[in-house]
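# Understanding the architecture of this molecule
Here's the letter readout for the chains.
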Amino acid sequence: MSSTVERSRTDMKELADYSEGPALTSATLEQPDGRSRIGLAWEDGTHTWLPPIWLRDHCPCDVCRHTSSRERLYKIIDDEIGVPDVSLDDNMLVLNWPDGHESCFDGIWLHQRRPGQHHFQPAIPEARAWREGFLPDHVEHRDFTESVSGKRAWLEALIRDGLVMLDNGPTELDEVIRIAESIGPLRATNFGARFDVQSRPNPNNAAYTAIELELHTDLPNWRHPPDIQLLYCLENDAQGGASTFADGFAVAEAMRREAPHHFTMLAETPIDLRFQDDKHDIAVREPIIRVDDHGVLREIRFNNWIRDALDLAPEQIEAWYDAYRDFWARLREPRYRADFELSPGQMIAFDNRRVLHGRGQFDPNTGKRHLQGCYLDYDMVESKLRVLSRHD
Ligand SMILES: [Fe+2]
């Protein structure tokens, strides 16, 4: 249960919205662990207690926080933090510190930001694994460029599903760059800030090959591979060449359930990934599957072209290959894959550290195929969504 209370006078130096939520109904000094704490309770039944130092550190006043940058000026190292006098004034917590400083906190902001909320982010959707028959969300190019709701729908689908389509855009060179830059700066790599995936009838250069490209992630040989890839279709009238995708997290989760020893092998065994040419030699030693300390999947690095010589203990080698082949075989299973024929004016965007991409073989003598692409940082995708969601 929550109710709307009028926004208090306290400027929390916070651009996200904190105008709606349960009102703060009590604020008292308590000693739950034998030391002086500030106990807080809200009208929805939530309660917590905070050490005085947390509140002193988060004081939003103009002395403690810069008025325009909103950045913290207060330095927790300089003062002896005592126990404040505590009072409640119309959904506002008022603390008077022994040195004479006064701190005022908005009660709803405190409810949102009380410790234990694990990175309070109402605007950012949870990732959702693909199920069999996954179909991506489609957003009209016009809605994306002309409306907040269109851009938000695109950003939310990209974060949630790791893949989203944009339809009916112009077939203009560099439209992909304009779209990307409306989200954030391009992420450049050793291949530049943008790239062309192009084929021509009777190709005379390896860059225009038409061979099948197995599912992979781009540039896993970088310490930080590109996060988001945008691929914009300008021409596609060659026969074949469907774009194919798989949710690497869904595949890895299936392997964790069905062949846990293979999952553990790929998650706990770093291998070498490397790209080399005349100017570059970019290499890392990382596992194919990365999980965080809580076992949550964070990244897939899968690109068979740029695996370097396998440097593992001899007794590990066959077991590692067994696990690798299992993962690859699962990636090829139709139930995990989503195939799309991109049409001119259509753009696909996907999370390169979660979703693998590939391409079917095509016949370059039947027509032209030209995609333009670039990369974006995930931080910019989340940032844009937070900004667009500020005034919900
Ligand atoms: Fe690629």
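Residues numbered from 1 in each chain as written. Predicted model: local features only at pLDDT ≥ 70, side-chain atom pairs only at ≥ 80, totals over all residues. Heavy atoms only, no water.

Within the UniProt annotation, "domain: Gamma-butyrobetaine hydroxylase-like N-terminal" (unreviewed entry) is assigned to residues 37-105. The straight-line gap between the two end C-alpha atoms of residues 37-105 is 16 Å; of that span, 9% is helix and 33% is strand. (UniProt positions renumbered as here; feature names shortened; annotations may be inferred. Helix = DSSP H or I, 4+ residues; strand = E, 2+ residues; numbered from the N terminus.)

Moving on, we get to the coordination of the iron ion. The coordination sphere of the iron ion contains the protein donors His216 (NE2), Asp218 (OD) and His357 (NE2), at a distance range of 2.1 to 2.2 Å. All donors to the iron ion come from one chain, and their sequence spacing reads H-x1-D-x138-H. With Asp218 in the loop between β10 (213-216) and β11 (228-236) and His357 in strand β20 (residues 355-359), this residue pair connects regions lying 139 residues apart in the sequence. Assigned by exposure class, Asp218 and His357 land together as buried. (Donors = N, O, S within 2.8 Å, 3.2 Å for Na, K, Ca; no water. Buried < 20%, exposed > 50% of the residue type's maximum accessible area, 1.4 Å probe, protein only.)

This part covers the domain arrangement of the protein. On domain assignment, one finds that the protein holds domain 1 (24-113) and domain 2 (138-388). In this structure, domain 1 and domain 2 have C-alpha centres spaced 46 Å apart. (Domains from an automatic or database assignment.)

Together, Asp78, Asp79, Glu80 and Asp99 make up a negatively charged patch on the protein surface. Topologically, Asp78 is positioned in the loop between α1 (52-57) and β4 (85-88). Overall, the relative accessible area of 53% leaves Asp78 in the exposed class. (Patch = residues over 30% accessible without salt bridge, like charges linked within 9 Å, V, L, I, M, F, W, Y side chains within 5 Å. Areas by Shrake-Rupley, 256 points an atom, 1.4 Å probe, with all protein chains shown as cover. Salt bridge = Lys/Arg side-chain N within 4 Å of Asp/Glu carboxyl O. Lys, Arg positive; Asp, Glu negative; His and termini not counted. Charge placed at Lys NZ, Arg CZ, Asp CG, Glu CD.)

This paragraph deals with unusual backbone geometry. In this structure, Lys13 is a non-glycine residue whose phi angle is positive, near 55°. Here Lys13 shows up in the segment before β1 (24-30).

With that settled, consider the pairing of β4. Two elements, β4 and strand β5 (residues 92-96), share four bridges in a ladder whose sense is antiparallel. If you follow Leu88 over to β5, its bridge partner there is Leu93. Counted along the chain from β4 to the antiparallel partner β5, the turn is three residues long, and its residue Asp90 has a positive phi close to 55°. (Pairing = 2+ DSSP bridges.)

Turning next to the pairing of strand β19 (residues 347-351). Side chains on a regular strand alternate between the two faces of the sheet. Of all five residues in β19, five are buried; the element is thus mostly enclosed. Residues Met347, Ala349 and Asp351 of β19 are buried on one face, and the alternating residues Ile348 and Phe350, pointing to the opposite face, are buried as well. Pairing between strand β8 (residues 163-167) and β19: four bridges, direction antiparallel. Paired with Leu163 across the two strands is Phe350, which belongs to β19. Of the strand pairs in this sheet, β11 and β19 are connected by five bridges, and their pairing is antiparallel. Across the sheet, the residue bridging to Leu230 is Ala349, located in β19.

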